[in-house]
Amino acid sequence: MSGNVILEARDVSKEFVTKRGIVKALENVNLQINEGEFFCLIGPSGCGKSTLLNIFAGLERATSGEVLLRGRKIEGPSPERQVVFQQLALFPWMTVIDNISFGLKLKGLSKEERYAIAKKYIEITGLKGFEHAYPKELSGGMQQRVAIARAYAMNPEILLMDEPFGALDAQTREFLQEDILKTWSKDKKTVFFITHDVEEAVFLSTKLGIMSSRPGKIAATLDIKLPIPRDKRIKVSPEFIEYRKKALELLLSQMQVTVKV
Amino acid sequence: MKKIRNNEGKGYQGQIRNYILSVIIFLVAWEILAESTTRFHLMPTPYETALALARLASTGILFENIKASLFRVLSGFTIAFSVAVPLGFLIGWYKTVKELSDPIINLFRVTPPLAFIPLMIIYFGIGELSKIMVITYAAFFVLVVIVYQAVRNVDAVLIKAARVLGAKDRDLFFHVVVPHSVPYIIAGCRVAIGSSWMSVVASELIAAQSGLGYMIEDALRYFDIDVIVGGIIVIGIIGLIMDGIVRYIERRVTVWMVRVS
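Thresholds applied
- Residues numbered from 1 in each chain as written.
- Chains lettered and ligands numbered in written order.
- Predicted model: local features only at pLDDT ≥ 70, side-chain atom pairs only at ≥ 80, totals over all residues.
- Helix = DSSP H or I, 4+ residues; strand = E, 2+ residues; numbered from the N terminus.
- Rg over C-alpha atoms; globule rule 2.2 N^0.38 Å.
- Buried ≥ 20, exposed ≤ 12 C-beta atoms within 10 Å, placed from the backbone.
- Contact = placed C-beta atoms within 7 Å.
- Domains from an automatic or database assignment.
- Nonpolar A, V, L, I, M, F, W, Y, C, P; charged D, E, K, R; others polar.
- Expected span 1.5 Å × (residues − 1).
- Bend = angle between axes of the 7 residues up to and from the residue.
- Axes fitted to C-alpha atoms, helices over the stretch in contact; angles between N-to-C directions.
- Parallel < 35°, antiparallel > 145°, perpendicular 65-115°, else oblique.
- Pairing = 2+ DSSP bridges.

Could you give an account of the overall build of chain A, with specific residues and numbers?
A count of helical and extended segments in chain A gives seven helices and ten strands. What you see for chain A is a C-alpha radius of gyration of 18 Å, in line with the 18 Å of a compact globule of 261 residues. Principal-axis analysis of the C-alpha atoms places the extent of chain A at approximately 55 × 45 × 35 Å. Taking all 261 residues of chain A together, 43% fall into the buried category. Residue pairs at least 24 apart in sequence account for 72% of intrachain contacts in chain A once pairs closer than 6 positions are excluded.

Talk me through the domain arrangement of chain A; I want residue IDs and the actual numbers.
All names here are of chain A. Assigned domains within chain A: domain 1 (5-80 + 158-260) and domain 2 (91-155). Between domain 1 and domain 2, the C-alpha centre-to-centre distance is 25 Å. The element best represented in the side of domain 1 that touches domain 2 is helix α5 (residues 170-187), accounting for six residues. Looking at the side of domain 1 that touches domain 2 residue by residue, the class counts come to nine nonpolar, two polar and one charged.

Tell me about the domain arrangement of chain B, residues and numbers included.
All names here are of chain B. For chain B, the assigned domains are domain 1 (1-43) and domain 2 (44-253). The C-alpha centroid of domain 2 is placed 29 Å from the C-alpha centroid of domain 1. Contacts between the two partners involve seven residues from domain 1 and, on the opposite side, four residues from domain 2. Across the side of domain 1 that touches domain 2, the residue classes break down as five nonpolar, no polar and two charged.

Go over helix α4 (residues 95-109) of chain B, please, and point to the residues and values.
Residue and element names in this part refer to chain B. Look at α4: 20 Å from first C-alpha to last across 15 residues, which is about the 21 Å you get at 1.5 Å a residue. At Ser101, α4 shows its maximal kink, close to 45 degrees; a proline, Pro103, follows between one and four residues later. Burial of α4 is sparse: only zero of the 15 residues sit out of reach of the surface.

Describe in detail the packing of helix α2 (residues 46-59) of chain B against helix α3 (residues 61-93) of chain B, supporting the description with residues and values.
Residues and elements named next belong to chain B. Running from N to C, α2 and α3 point in directions that differ by 80 degrees, and their axes come no closer than 4 Å. Relative to α3, the element α2 lies roughly perpendicular. Note on element contacts: α3 touches α2 through Ile61, Leu62 and Phe63, opposite Leu53, Leu56, Ala57 and Thr59. Looking at the contact of α2 with α3 residue by residue, the classes come out as six nonpolar, one polar and no charged.

So, the interface of chain A and chain B: which residues are in play, and what are the values?
Every contact between the two is made by 19 residues of chain A and, on the other side, 15 residues of chain B. Put simply, the parts of the chain that give the side of chain A that touches chain B at least two residues each are β6 (81-84) and α2 (96-106) of chain A. It is α2(A) that provides the largest number of residues to the side of chain A that touches chain B, a total of three residues. Here the side of chain A that touches chain B is composed, by residue class, of 14 nonpolar, three polar and two charged.

Tell me what's going on with the sheet that holds strand β4 (residues 64-69) of chain A, and back it up with residues and numbers.
Residue and element names in this part refer to chain A. Strand order across the open sheet formed by four strands is β2-β1-β4-β5, with antiparallel pairing between neighbours. Both edges of this open sheet fall to β2 (21-34) and β5 (72-73), since each of them pairs with a single strand only. Relative to β5, β4 is paired through two bridges, and the arrangement is antiparallel. Within the sheet, the bridge partner assigned to Leu69 lies in β5 and is Arg72.

How would you sum up the environment of Met257(B)? Please name residues and give values.
With respect to the helices and strands, Met257(B) occurs in the segment after α10 (225-253). By C-beta crowding, Met257(B) is classed as partly exposed, having 15 other C-beta atoms within 10 Å. Separated by 80 residues in the primary sequence, Met257(B) and Val177(B) place their C-alpha atoms 15 Å from one another. The contacts of Met257(B), once residues within four sequence positions are left out, are Pro92(A) and Pro183(B).

Please set out the sheet that holds strand β3 (residues 38-42) of chain A residue by residue, giving values where relevant.
All names here are of chain A. What the six strands build is an open sheet, ordered β6-β7-β8-β3-β9-β10; its pairing is mixed. Here the strands that pair on one side only, and so sit at the sheet edges, are β6 and β10 (218-223). Each strand axis lies, on average, 20 degrees off the axis of its neighbour in the sheet, ignoring direction. In terms of strand pairing, strand β9 (residues 207-211) meets β10 through five bridges, oriented antiparallel. Its bridge partner being in β10, Leu208 is matched across the sheet by Leu222.

Rendered as structure tokens:
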């Protein structure tokens, strides 16, 4: 990889005030993501992965610490950081093509311009023929494709994906994993991807982060040096299995820490 | 595939058949009731009722009265709609406005419009204005409440998605909140038109020189029971037609909605 840091978290902490008192979700998270990386973050559920992603997106604010994108402090949401959510987040009153080009419309692009860009990503994500369908007519997997196309169409600096396949069935998941890798291999757009599925994380990432239980910290990182491009046959290779074992051990050690405490 | 279609066709035909059956049962029951009480002359037969309506129609009185009632409903409803919808958005959008208006709206929401008829007569006389005001009142609170609840119901993830795509407050309002609210507003219109129609008849019964309510009230003076029953039937049918029109518009405007049947 080029080694240029694109996104950097410095001592990011986040506390929530709840009825039962203050909950520490994140504690001194330090993380650097390099340009062109496919960075997967795994961690036990409730460890604050999504909170961290929301802070990167500018949808939530850190209680202390800061996040920099190419050295500029993140203050709020911006089209340069696109998010694919776990929940289906398409606008139900817009057709597929209008969903994908909505952000471009907000940028002030003309209908021809934005449709041209949208069509390119409709092609890439395999949505051809569904341009004028409404989200309700699509399966969950197809809807997530639209959400991914919508994020790519904005040509962001980084894509933030919050368990985008979490709500899908296993088969659809595998399809989309391969698809997203294919898309990523084309332009090497930096991806920050959250999942709780170790296999998915190893399969997708060039670098893996393991988060500890609440309060979340980055406990370890692991470079995944599997060849690119990959397809799902790699999942039975000894290297893959070795990486998966390593990642799982790191993850389990994090979980045991909390059990002991 | 074909089999499913056939079943669907059968289901639809069955539905129509049952609807017709339902009307026939009603007419037969009515006929039996009327015939069995014929010596008291308390209930005209369907035929006698139709005759009375035909008589009123041929002199034009019926249509005069329908026109008067419809004019009042449409005027009152239009006034209510044009004030209630913007106000509902305002209340839903600004928390302070909601907190300021909530107690008042809730108080008047549960006060029946008919309670205002005497007051309206004192203020506006027994002319058009007093009736239109009662109807405005009847439609207003239904619409306000539905619109502001719609605004507050917007899925949080859609707001997040729009923000990430670059939506400012203004864009959120016009591209997310408003389209999201349209189906609710139409549903509100259905309820509001229904309650307007009930209120117009009631206010015409109390004080009016025209309208379907007046027609019934006037018939009471001559104990013209055929016209009273005929008037009730006409009121019901017009209510049904108005509801049908709104439902038709609803289906047209909200093709994108997931419908649970």
